[in-house]
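Summary of the model geometry
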Amino acid sequence: ELGVDRGPLARQIDALQAQGATLSAMAQQTPQGLQLLALMAFGDEAKPGAAQALARLRARGIKTVMISGDNRSAAEAMARSLGLRAQDGEVLAEVLPGDKAAMVAALQQGPDEGRSERRRAAPRRERPLGGQRPSAAAERGGHVVAMVGDGVNDAPALAAADVGMAMGNGTDVAMHAAGITLMRGDPMLVAAALDISHRTVSKIRQNLFWAFAYNVAGIPLAALGYLNPVVAGAAMALSSVSVMANALLLKRWCM
């Protein structure tokens, strides 16, 4: 913008930008104008295990997208090292801090193409009994989005996402905005959190089945006089023991 002649450093500038570095320049005012004296190149390094964590999420059928405020060259260089495919829309670069939440909202809405046609063709769904509503993602026609971040700039996006995950070594505002706080700054914990949550929901469903099974079997027998009260009390105690023992099996889970 100031018209500084890149001079003999032009080749280094092009080479560093091709590697994904963010450049700052030092110039000096001379009678002939501003003279370029030096370059400073900044680059990010991926956290250990980040590529493996993304591979594990991809194996679970989860699409991963990197949202970055860096220039596109730097973001795509980082994406290549992590196994992300920029050509498939898995890299969103040069995103201003205030626009990250908008990017999350766009992912939640899904592609615009054919959305109106799908809405016209889809039959009307009644609200299920009990006041429950269909999932937000099904109503939107888009994706359920989990946002992982650790900085102040990530807080609006963490709050806008369906599930916000903050790193335990991040900023306080990020942890307050997120629904989940990972206790360490380890990317592998993202897949672990999803895994343990799925297992927990599965255990809840299993325990509900056993709790209802004992009652469904015992109440008619008791009403007809075929069940001794002592046996009924023992059955109810056994029901509680079964539920607790099944829940404690979660302690066997490991990453």
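Note that this is a predicted model, so its numbers are computed, not measured.

This next bit is on the sheet that holds strand 5 (residues 146–149). Spatially, the 3 strands line up as an open sheet ordered 5-6-7, and their pairing is parallel. One side of each edge strand has no neighbouring strand; the edge strands of this open sheet are strand 5 and strand 7 (180–182). The average undirected angle you get between the axes of adjacent strands in this sheet is 20 degrees. Both strand 5 and strand 6 (residues 163–167) contribute to a ladder of 4 bridges, which runs parallel. Bridge assignment links Met147 to a residue of strand 6, and that residue is Gly164.

Inspection of the entire model under this criterion finds 1 aromatic pair. With a centroid separation of 5.3 Å and 70 degrees between ring planes, the pair formed by Phe209 and Trp210 is classed as edge-to-face. Residue classification places Phe209 among the exposed positions, given a relative accessible area of 52%.

Across all of its chains, the model carries 7 salt bridges by this definition. Residue Arg85 pairs with Glu90 through a salt bridge whose shortest N-O separation is 3.3 Å. On the accessibility criterion, Arg85 (33% relative accessible area) is partly exposed. Under the relative-accessibility criterion, Glu90 is labelled buried at 5%. One salt bridge in this structure joins Arg199 and Asp195, with 3.3 Å as the shortest N-O distance. One end of the pair, Arg199, and the other, Asp195, are both in helix 9 (residues 188–223), 4 residues apart, so they sit about a helical turn from each other.

Pairing of strand 1 (residues 22–30) with strand 2 (residues 33–42) involves 9 bridges; the strand directions are antiparallel. Across the sheet, residue Leu23 finds its bridge partner in strand 2, namely Ala41. Where strand 1 folds back onto strand 2 in an antiparallel hairpin, the turn is made up of 2 residues.

Turning our eyes to something else, we now look at the packing of helix 2 (residues 50–59) against helix 9. Interaxial distance between helix 2 and helix 9 falls to 7 Å at its minimum, and their mutual angle equals 30 degrees. It follows from the interaxial angle that helix 2 and helix 9 lie roughly parallel. Touching Gln52, Ala53, Arg56 and Leu57 of helix 2 are Met188, Val190, Ala191 and Leu194, all from helix 9.

The complete set of buried residues in helix 4 (residues 100–109) reads Lys100, Ala101, Val104 and Gln108. Angularly, the buried residues of helix 4 cover 100 degrees about the axis, an arc narrow enough to put them on a single face. Looking one or two residues beyond helix 4, the residue adopting positive phi is Gly110, at roughly 80 degrees.

So, how was this worked out
Each chain carries its own residue numbering, running from 1 in the written order of its sequence. pLDDT decides what is reported in this predicted model: residues at 70 or higher carry local features, side-chain atom pairs at 80 or more are listed and counted, and totals for whole chains, interfaces and linings draw on all residues regardless. Each side-chain value is worked out from all heavy atoms of the structure, with water and hydrogens disregarded. Two strands pair under a simple rule: DSSP has to find at least two bridges between them. Where helices and strands are cited, they refer to DSSP runs of H or I of at least four residues and of E of at least two residues respectively, numbered from the N terminus. Angles run from 0 to 180 degrees between N-to-C directions of axes, and those axes are lines fitted to C-alpha atoms, restricted for helices to the stretch in contact. Only Phe, Tyr and Trp rings take part, Trp by its six-membered ring, and two of them pair if their centres are within 6.5 Å. Stacked means planes under 30 degrees apart, edge-to-face means over 60, and tilted covers everything else. Buried means the residue's accessible area, taken with a 1.4 Å probe over protein chains only, is under 20% of the maximum for its type, while exposed means over 50%, and partly exposed covers the values in between. Note on definitions: salt bridges are taken to be side-chain nitrogens of Lys or Arg within 4 Å of carboxyl oxygens of Asp or Glu. Put simply, angles under 35 degrees are roughly parallel, angles over 145 are roughly antiparallel, angles from 65 to 115 are roughly perpendicular, and the rest are oblique. Only heavy atoms enter the contact rule, under which two residues are in contact if any of them lie within 4.5 Å. The arc in question is the one spanned by the directions pointing from the helix axis to the C-beta atoms.

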